[in-house]
Number of protein chains: 2
Amino acid sequence: MTEPNINYAPDSISEQFTQIQDLAERLLPVYAQPDVEQNSDYIQLVELLHDLHPADMAAVLESLPLQERVLVWKLAQPEDDGEVLLEVSDSVRETLIETMGKEELIAAVEDLPAAEVAELAPDLPQNVVSEVLESRDEEERQQIQSTMSYAEDTVGSIMDYELVSIRADVTCEVVLRYLRRFDILPDHTDKIFVVDEDDILQGVLPIRKLLVCDPDDLVADVMSSDVVKFRPEDNAEEAAQAFEKYDLITAPVIDETQKLIGRLTVDEMLDVIREESEADMLNMAGLQEEEDLFAPVIDSVKNRWVWLAVNLCTALVASRVIGLFEGSIEKIVALAALMPIVAGIGGNSGNQTITMIVRALATGQLNGTQPLQLFKKEIGVAIANGVLWGSAMGIITFIIYKEIGLSLVMIAAMTLNLVLAAALGVLIPLTMEKLGKDPALGSSVLITAVTDSGGFFIFLGLASLFLL
Amino acid sequence: MTEPNINYAPDSISEQFTQIQDLAERLLPVYAQPDVEQNSDYIQLVELLHDLHPADMAAVLESLPLQERVLVWKLAQPEDDGEVLLEVSDSVRETLIETMGKEELIAAVEDLPAAEVAELAPDLPQNVVSEVLESRDEEERQQIQSTMSYAEDTVGSIMDYELVSIRADVTCEVVLRYLRRFDILPDHTDKIFVVDEDDILQGVLPIRKLLVCDPDDLVADVMSSDVVKFRPEDNAEEAAQAFEKYDLITAPVIDETQKLIGRLTVDEMLDVIREESEADMLNMAGLQEEEDLFAPVIDSVKNRWVWLAVNLCTALVASRVIGLFEGSIEKIVALAALMPIVAGIGGNSGNQTITMIVRALATGQLNGTQPLQLFKKEIGVAIANGVLWGSAMGIITFIIYKEIGLSLVMIAAMTLNLVLAAALGVLIPLTMEKLGKDPALGSSVLITAVTDSGGFFIFLGLASLFLL
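Cut-offs used in this document
- Residues numbered from 1 in each chain as written.
- Chains lettered and ligands numbered in written order.
- Predicted model: local features only at pLDDT ≥ 70, side-chain atom pairs only at ≥ 80, totals over all residues.
- Helix = DSSP H or I, 4+ residues; strand = E, 2+ residues; numbered from the N terminus.
- Buried ≥ 20, exposed ≤ 12 C-beta atoms within 10 Å, placed from the backbone.
- Contact = placed C-beta atoms within 7 Å.
- Pairing = 2+ DSSP bridges.
- Domains from an automatic or database assignment.
- Axes fitted to C-alpha atoms, helices over the stretch in contact; angles between N-to-C directions.
- Parallel < 35°, antiparallel > 145°, perpendicular 65-115°, else oblique.
- Left-handed = near helix turned anticlockwise from the far one by under 90°.
- Nonpolar A, V, L, I, M, F, W, Y, C, P; charged D, E, K, R; others polar.
- Least-squares fit on C-alpha atoms with pLDDT ≥ 70 in both.
- Core = buried A, V, L, I, M, F, W, Y, C linked by C-beta atoms within 7 Å.
- pLDDT = per-residue confidence, 0-100.
- Expected span 1.5 Å × (residues − 1).
- Right-handed = clockwise from strand over helix to strand, strands pointing away.

1. Brief notes about the overall build of chain A
Within chain A, the regular secondary structure consists of 21 helices and five strands. Taking the principal axes of the C-alpha coordinates as reference, chain A spans close to 90 × 70 × 40 Å. Taking all 468 residues of chain A together, 49% fall into the buried category. Partitioning the contacts of chain A with sequence separation of at least 6, the portion at a separation of at least 24 is 69%.

This is how it looks when you write it as structure tokens:
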């Protein structure tokens, strides 16, 4: 995508958004009328939409309720449709594609490069995809199909094919003359790939070196021959981390024979980082995927049911643990009021430990060689917190119930549950990592389940032992 | 930082890490001996460290326990020290700077450009900072002081001063000749800034246009005159969103007179996005800031105490709510076992709603004009979930306790608590945003507090009304 010809000003953009939302709302009831094109709201809305960058158009569409969204989408300029479809979230993209006919969809993706067609293809109707494939030449068709064949989280699925490559045995002067034959260089071109006659990658020539080198220098003498390069099977998140670490703008993608087949660009990596962190956040909150704000109720229920069900199951287990001690609660009813405190602090503290460890695993700081030291440290923190907060709650318990035994049980139970939370807060994510599972995903639910049931068991168990 | 001359291979890097950790651990007990430099572990370790890119060195240091970390840091090449200090996390940076003398610190930051000196300065001893400032020329001194004067989350604090600028009335040929006088262009240079004699920004000349244009073309005819530009007071996160939206590599920073004063680069924006999402994740889990994995216990306790204290207070409130109904629990002890289920599902569901809304606010999809529609939708989802899961739990309750009244109270309480969670899940983040507070920060704690106390109150209240 080209850079927008706009003065970036967040305030004026948000003002425009509000205006578009208002206009769309007012226009909705009269949109079916034949003379709508003379309507002043209509004229104003079309004008506002006309000036929007595709990325801003995407944001407007995501912020609109369904009916208004469809209305605005119909008024958008068709030549930008493909770009906008690429920018919106998956759930919103579906709602937009549903409103488009076959010809409209074909027109929308017509001008997109191979990699972006491949990105949209899974969401398009089959007959549209086949027709689009037929309209491309053999090379592009292969690129589209090859991109689609890679799994979503691999480098292959996000690379593009807009390569500028040269030979090592020419001079910088020749390279500059060669580049001048382009209408414009591909987006993000910060280096030119140096290949031999079989397209085997020899090195890269950074533009910032090309611009300062002597015209008579050979590319071979100026290029960097050791470069950060990727394979299409590589994990996209790891590639994004390498981009971050080594401050890359673009990087070559090669096959097993070192042949240059594509490139990665930093803008795709930004998306990977954003999506990764959003996925973690959504998973931690128990949402399966990003949700269209204005999705129908039934879609939202579907997106959220799994974690609610898991939560109900763990709550049921905790409830049965309490059930074991109904006799004790009948005798000392204060136990019922105090037990959620023990469970709560364990869950809170366990989640603190787990978050720190999940983060360290994600950034590669922790690779399983130092668990003992971590373990000791977390147990130490748990005991310190147990003595600190346990004593505080012990005093409060005594003030309310005037029972020194109950206070002591409270202190002991809180400390033990904090130690349990610390131990499992270290073990659960490390075990998940060893088993090849995503430690971010289930860890928080698991630790809360353990500290709830464990907290109730420890507290009610100690009370039954010592107070009855 | 320049691009590393390495073959990127995550597996071999993680192997190197393990090797370095092992060597450091073995070397620790013998390090004080005089002939340590003949030790084969020593020689091997120094060699391994010598080949590391500063970013990888930073990652190694973060992954090591304190004593080993200090050992490795002493063996690192001093010329890279400044780069490494910039790459490590704040908490690890402190532990490294503590081990360095004044001269060492001055040597480490000597070669860094102004913007990076400013980034390190707050962590350096005052006498080091003054000496470094004295060693720079007037312009750089002003740049360092000006960068330090901006708040941490502003564009001003992360911009750099490595500008390449030209006049609009010269030809592309002249520009190319001018660029050739540089040894190398600044990192990330994807565009040249076009200014007038007073440094007022006129436009930008993208390198990818410069390389294809006719040598006799005037810059004024080739440049883009409307560009995405920022002010030093702008919010860094909003700037990062603009970089993402418009696929930028660099962007000019101007003052109120449109004078060019600095530039933003995409690598800093990657850091902003990463830090922002990490901060959200840490905050959601109740950690105040990123923690050094191997921090002393006391530091960890300090980092975590605030949220544990908040959690204890809300748990205490919930406990007092239960206390109100001790009479009812004494009569029907099953209530004690069932009440955590009602509270739990409310918290879970409320957090789902809040996460979705916090995300929509963060990405600008939601700007406060559509709350009613959202509200209706979330209440709808809550009622659907209440009927679905309430009935499931009603049946389970009946199977366990054989009490139809208890089952009906369970269904009603779960549905009501889900509706409460949905209403506050919409209201809390929108209100926080209106009040200018960060909706990510306290929302999760607040909603859980409400659904816990509310859930206990609704369930025990209904039971007291209808079952006693």
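2. Some remarks on the sheet that holds strand β2 (residues 191-195) of chain A
All names here are of chain A. Here three strands make up an open sheet; going across it, the order is β1-β2-β3 and the pairing mixed. Looking at the sheet topology across the chains shown, the edges are occupied by β1 (165-166) and β3 (201-206). The pairing of β2 with β3 spans five bridges and is classified as antiparallel. Residue pairing in the sheet places Lys191 in a bridge with Pro206 of β3.

3. Some remarks on unusual backbone geometry
Residues and elements named next belong to chain A. The backbone phi angle of His188 is positive, close to 65 degrees, even though this residue is not glycine. Inspection of the secondary structure puts His188 in the loop between α11 (172-179) and β2. Residue classification places His188 among the buried positions, given that 22 C-beta atoms sit within 10 Å. For Asp199, which is not glycine, the phi torsion reads 65 degrees and is therefore positive.

4. Some words on the domain arrangement of chain A
Partitioning chain A into domains gives domain 1 (10-155), domain 2 (165-266) and domain 3 (297-467). One C-alpha centre belongs to domain 1 of chain A, the other to domain 3 of chain A; they are set 47 Å apart.

5. With respect to the packing of helix α18 (residues 334-362) of chain B against helix α19 (residues 371-401) of chain B
All names here are of chain B. Packing of α18 against α19 leaves a shortest axis separation of 12 Å and a crossing angle of 155 degrees. When the interaxial angle is binned, α18 and α19 end up roughly antiparallel. In this structure, the crossing between α18 and α19 has a hand that is right-handed. For the pair α18 and α19, contact is made by Ala334, Leu338, Ile341, Ile345, Ser349 and Thr353 and by Glu378, Ala382, Asn385, Trp389, Met393, Thr397 and Tyr401, respectively. When its residues are assigned to classes, the contact of α18 with α19 shows eight nonpolar, four polar and one charged.

6. Observations regarding the relation of the copies chain B and chain A
When chain B is fitted to chain A, the best match, at an RMSD of 0.1 Å, comes from turning it 180 degrees and sliding it 0.0 Å along the axis. One copy is carried onto the other by what is essentially a two-fold rotation axis. Of the interface residues in chain B, 100% have counterparts in chain A that sit at the interface too, so the contact is made through matching surfaces.

7. With respect to the interface of chain B and chain A
Counting residues at the interface gives 112 residues for chain B, matched by 112 residues for chain A. No other element matches the 15 residues that α18(B) contributes to the side of chain B that touches chain A. Partitioning the side of chain B that touches chain A into residue classes produces 58 nonpolar, 30 polar and 24 charged.

8. Section: the nonpolar core
A:Leu61 and B:Leu61 are the most contacted members of the largest nonpolar core, which totals 158 residues. Excluding residues within four positions of it along the chain, A:Leu61 makes contact with A:Arg69, A:Val72, A:Trp73, A:Val88, A:Val92 and A:Leu96. Within the second largest apolar cluster, 128 residues are counted, among which are A:Ile354, A:Leu406, A:Ile447 and B:Leu287.

9. Describing the sheet that holds strand β2 (residues 191-195) of chain B
The mixed open sheet is built from three strands, whose spatial order is β1-β2-β3 (chain B). A single partner strand is all that each edge strand has here, and the edge strands are β1 (165-166) and β3 (201-206) of chain B.

10. Overview of the confidence of the model for chain A
All names here are of chain A. Looking at chain A as a whole, the pLDDT averages 89, with 97% of positions reaching at least 70. Scored below 50 in pLDDT, residues 1-7 makes 16 contacts in the model with residues more than four places away or belonging to other chains. We note a pTM of 0.84 for the whole complex and an ipTM of 0.84 for its interfaces.

11. With respect to helix α18 (residues 334-362) of chain A
A rise of 1.5 Å per residue sets the reference length of α18(A), with its 29 residues, at 42 Å; its end C-alpha atoms lie 43 Å apart and thus fit the reference within 8%. Most of α18(A) sits inside the fold, with 28 of its 29 residues counted as buried.

12. Overview of the environment of B:Val30
All names here are of chain B. Following the sequence through the fold, Val30 ends up in the loop between α1 (10-27) and α2 (40-50). Separated by 12 residues in the primary sequence, Val30 and Tyr42 place their C-alpha atoms 9.8 Å from one another. Excluding its chain neighbours within four sequence positions, the residues that come into contact with Val30 are Val36 and Asn39.

13. Things to note about the pairing of strand β5 (residues 260-265) of chain A
Residues and elements named next belong to chain A. Counting buried positions along β5 gives five out of six residues, so the element sits mostly inside the fold. Across five bridges, the pairing between strand β4 (residues 250-254) and β5 is antiparallel. Residue pairing in the sheet places Thr250 in a bridge with Thr265 of β5.

14. Structural notes on the pairing of β2(B)
Residue and element names in this part refer to chain B. With respect to burial, β2 is a largely interior element, five of its five residues being buried. Residues Lys191, Phe193 and Val195 of β2 are buried on one face, and the alternating residues Ile192 and Val194, pointing to the opposite face, are buried as well. Bridge count for β1 against β2 is two bridges, and the pairing is parallel. Directly across from Ile166, in β2, lies its bridge partner Val194. Note that the unit made of β1, helix α11 (residues 172-179) and β2 has a crossover that is right-handed. As consecutive antiparallel partners, β2 and β3 are separated by five residues, and within that stretch Asp199 has a phi angle of approximately 65 degrees, a positive value.

15. Observations regarding the packing of helix α7 (residues 102-110) of chain A against helix α9 (residues 126-135) of chain A
Helix-helix packing: each pair is described by the crossing angle between the helix axes and the interaxial distance. Residues and elements named next belong to chain A. Two numbers describe how α7 lies on α9: the axes approach to 10 Å, and their chain directions differ by 45 degrees. As the angle between them shows, α7 and α9 are arranged oblique. In the packing of α7 onto α9, the handedness of the crossing is right-handed. Where α7 abuts α9, its residues Lys102, Leu105, Ile106 and Val109 lie against Asn127, Val128, Glu131 and Val132. Looking at the contact of α7 with α9 residue by residue, the class counts come to five nonpolar, one polar and two charged.

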